[in-house]
Amino acid sequence: MSRIAKLFGSKKQNVLNVYCTAGFPELNSTLAVMKALQQHGADIVELGMPYSDPLADGPVIQDSSMKALENGMSLSVLFSQLKDCRKEISLPIVLMGYMNPVLQYGFEKFCADAAAAGVDGLILPDLPPYEFETEYGAIINKYGLDFIFLVTPETSEARIRQLDNLTSGFLYAVSSSSTTGKDKDLKAQEGYFRKLQEMELKNPVLIGFGIKDKASFEAAAGYANGAIIGSAYIKALNNAADIDKATSDFLASVLK
Amino acid sequence: MEQTTYQRPDEHGYYGSFGGAYIPEMLHPNVEELKSRYLDIMYEENFQKEFHALLRDYVGRPTPLFLAERLSKQYNTAIYLKREDLNHTGAHKINNAIGQVLLAQRLGKKRIIAETGAGQHGVATATVCALKGIECIVYMGEKDIERQAPNVARMRMLGATVIPAVSGSKTLKDATNEAIRDWINNPTDTHYVIGSVVGPHPYPDMVARFQSVISEEIKAQLKVTTGKELPSHVIACVGGGSNAAGAFYHFLDEPSVQLVAVEAAGHGVNSGRSAATTQLGNPGVLHGSKSLVMQTADGQVVEPHSISAGLDYPGIGPMHAHLFKSGRGTFLSATDDDAVAAAFNLCKLEGIIPALESSHALAALNQMKLSGKETIVLCLSGRGDKDLATYMNKMDRI
């Protein structure tokens, strides 16, 4: 059983997935950020693989990606940083990024190295189902990695079913049609969240995009198995003198 | 016409191994709506009627196919110029802008967004939106806004809102990213008018079809002038590749016609300041399709360089990537200096000031082995008014 499946087996509600960009704020802070997240109450770590042209991201995550690239982050560096991470990190780790750097690294080599480093799942928003089914899904499965698809309020019911069937780990419900970090009212999407609940999907559901504090986390967690926070945490890390303290303060503000 | 691998992609948008629709789920409804409806709408009788009437009465088509006699004499062979520079707004971009805005109207969209590099596509889109009374937002790299001031002024005069793209390298690729992000944030009422044969399927196919009017006219005009429909060569510059796609389209399945695509070599292909994607790129995914992309070993997209903002793009349309890989197309490149020299040469010989983009196609003539028996058609994609500042700067040195 994968670490993600185990997590959802024992914790069905209020699961908190926190996104951070690998190599941000410092090139070598990745592991420290992961440790702090584990220490202070996150349930899943979503590590962003920085890319020069991140289509689905808003300015906060884009800027953190640029900073990480300037710091010298790359997939090779990331895998070397993760090499021994399982000695200290027990949380599920999901890598999130875009196809181009992965293709350049070599798709199969990427999956092999990710699995060897103890990564549990992948989110590649620009890898759609057709290409997943015809080319890449088999490779991902071969290395035992979960692959997480996104659904949005505009995704039809039939397509939600299709994506749920292709997904393992959890389904990523984008709260509204937007890039990351937009301030939108979750209440407006109640109908969509209810629909997801009533569909009795195969996978647990985490809601992401626009979740930034205790109120939005609790609201989202009320509609699904939990939620994903990204931009708000990146903001908290930005200019933080002490990663552990910044993380502790941030997670306390969300969870307590 | 029969389906072929060169002219049309398969149902998933692939030209050989290039193409597809690598988009986040947030864009799926928009792209799916377009994919399921574009062909029906485009080939509907009323649409064709309105499209062709506007091309004729508003754009000024057909554009002439001009036998450039003194240029021909210089190269000792027959060279025809397809005068896309004589279109309203000064370039071929208007063909596609009209097509897509008419299509957007039929899809019920109220808001048009576009990206632009040199500003030609932005101006074309702003023009059609003004004509049709539709809101128009154009994303343009902050750096390009500085170097293409007259086009920025034109877009504003035409009522468009020009939004500077300040992320990344602040050029065309970033303007494209910003336009895509806008589309993600406005999924229902907005149509994104992509200006080249790039982007997720069906954009490369749709834009190629709108631009195919260029080769359709070339065939008919050549028949009248020479008695034969087929030239020996068609030459066009390639950034993303829309004028080349249009000029090649009806010759793709005519093996006797040599298709010559000319990329911008900037300071030289291996100078580190170039935009010659087929020479420098690797397969990758950029702006929604799999194609050739200039990138670092880590897969980060690199900033290209060309003296012409319209060719300053780190990718190439998937149709062209397939033409390159299969060998159906010949890909040459011309440096900034080659292009400027070719522009001055055309001014002197034919009294035509070409766009810097088109000058790259002209420069390629120097690299071709010509026997004297060719019938060459060169797509003069745009006029050089917008590039006057660059030309003036170079004029001091000649």
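Because the structure is predicted, anything quoted here is derived from the model rather than measured. (Residues numbered from 1 in each chain as written. Chains lettered and ligands numbered in written order. Predicted model: local features only at pLDDT ≥ 70, side-chain atom pairs only at ≥ 80, totals over all residues. Heavy atoms only, no water.)

As for the sheet that holds strand 14 (residues 375-380) of chain B
Residue and element names in this part refer to chain B. Heads up, the condition is: When DSSP locates at least two bridges between a pair of strands, those strands are taken to pair. Strands here are runs of E lasting at least two residues and helices are runs of H or I lasting at least four, both read from the DSSP assignment and numbered beginning at the N terminus. Helix axes are fitted only over the stretch in contact, all axes being lines through C-alpha atoms; the angle between N-to-C directions runs from 0 to 180 degrees. For this analysis, residues touch if any pair of their heavy atoms sits within 4.5 Å.
Reading across the sheet, the 6 strands line up as 3-4-14-9-10-13 and stay open at both edges, with mixed pairing between neighbours. Each having just a single partner strand, strand 3 (65-67) and strand 13 (329-335) make up the two edges of the open sheet. The sheet shows a mean angle of 25 degrees between the axes of neighbouring strands, direction not considered. With 5 bridges joining them, strand 9 (residues 233-237) and strand 10 (residues 258-266) adopt parallel strand pairing. Among the inter-strand pairings, Ala-236 is bridged to a residue of strand 10, identified as Ala-261. Across the sheet, helix 14 (residues 336-350) lies against strand 3, strand 4 (78-83), strand 10, strand 13 and strand 14, angled at about 90 degrees from strand 13, the strand it touches most. Sitting on the sheet, helix 15 (residues 356-363) touches strand 4, strand 9, strand 10, strand 13 and strand 14, and the angle it makes with strand 9 is about 140 degrees.

Re the side chain of Arg83(B)
All names here are of chain B. Applied cut-off: Classification of residues uses two cut-offs on accessible area relative to the type maximum, computed with a 1.4 Å probe and protein chains only: under 20% is buried, over 50% is exposed, and between them is partly exposed.
With respect to the helices and strands, Arg-83 occurs in strand 4. Assessed through its relative accessible area of 12%, Arg-83 is described here as buried. Among residues more than four places away in sequence, those in contact with Arg-83 are Thr-63, Pro-64, Phe-66, Ile-352 and Leu-380.

A closer look at the pattern of salt bridges
Here is the rule we go by: Salt bridges, as used here, are contacts in which a Lys or Arg side-chain nitrogen is within 4 Å of a carboxyl oxygen on Asp or Glu.
Per the counting criterion, the structure on display carries 32 salt bridges over all chains. One salt bridge in this structure joins Asp113(A) and Lys109(A), with 3.7 Å as the shortest N-O distance. Placement of the pair is Asp113(A) and Lys109(A) together in helix 6 (residues 107-116), with a separation of 4 residues, close to one helical turn. A salt bridge links Glu50(B) to Arg106(B), with the shortest nitrogen-to-oxygen separation between them at 2.9 Å. One end of the pair, Glu50(B), is in helix 2 (residues 45-59); the other, Arg106(B), is in helix 4 (residues 93-106), and 56 residues separate them in sequence. Its relative accessible area of 27% is what places Arg106(B) among the partly exposed residues. In this structure, a network of salt bridges that share partners links the residues Arg61(B), Lys82(B), Glu84(B) and Glu217(B).

Things to note about the packing of aromatic side chains
Heads up, the rule is: Two aromatic rings, drawn from Phe, Tyr or Trp (for Trp, its six-membered ring), form a pair once their centres lie within 6.5 Å of each other, and the interplanar angle then sorts them: stacked below 30 degrees, edge-to-face above 60, tilted otherwise.
Under the criterion given, the structure shown has 22 aromatic pairs over all chains. A network of ring pairs unites the aromatic residues Phe79(A), Tyr105(A) and Phe110(A) as a single cluster.

Concerning the side chain of Arg328(B)
All names here are of chain B. Using the following cut-off: Neither His nor the chain ends is counted toward charge; the positive residues are Lys and Arg and the negative residues Asp and Glu. Whenever a nitrogen or oxygen atom comes within 3.5 Å of another N or O atom, the pair is scored as a polar contact, on the condition that within protein one atom can donate a hydrogen and the other can accept it, and that pairs from neighbouring residues in sequence are kept only if both atoms are in side chains.
Along the chain, the position of Arg-328 falls in the loop between helix 13 (318-326) and strand 13. There is no salt bridge for the buried Arg-328, and the closest opposite charge comes from Asp-253, which lies 6.3 Å off by N-O distance. Here the side chain of Arg-328 touches Leu-252 through a polar contact of 3.0 Å, landing on its backbone oxygen. Excluding residues that lie within four positions of it along the chain, Arg-328 makes contacts with Tyr-6, Phe-251, Leu-252, Glu-254, Pro-255, Val-257, Leu-259 and Leu-323.

With respect to the interface of chain B and chain A
Definition in use: By buried area we mean how much accessible surface two parts lose on assembly, using a 1.4 Å probe and totalling the loss over both. The nonpolar class holds Ala, Val, Leu, Ile, Met, Phe, Trp, Tyr, Cys and Pro. Asp, Glu, Lys and Arg form the charged class, and all remaining residues, Gly among them, are polar.
Each partner contributes residues to the interface: chain B has 37 residues there, and chain A has 38 residues. Where chain B abuts chain A, roughly 3000 Å² becomes buried across the two surfaces, and 53% of that area is made up of carbon and sulfur atoms. If you look at where chain B meets chain A, you find 2 salt bridges. The salt bridge partner of Asp53(A) is Lys173(B), with a shortest N-O separation of 3.1 Å. Every element with two or more residues in the side of chain B that touches chain A is listed here: helix 1 (28-42), helix 8 (172-185) and strand 11 (282-286) of chain B. In terms of residues, the side of chain B that touches chain A owes the most to one element, helix 8 of chain B, which gives 8 residues. Considered class by class, the residues forming the side of chain B that touches chain A number 15 nonpolar, 15 polar and 7 charged.

Any link to function would need more than the numbers given here.
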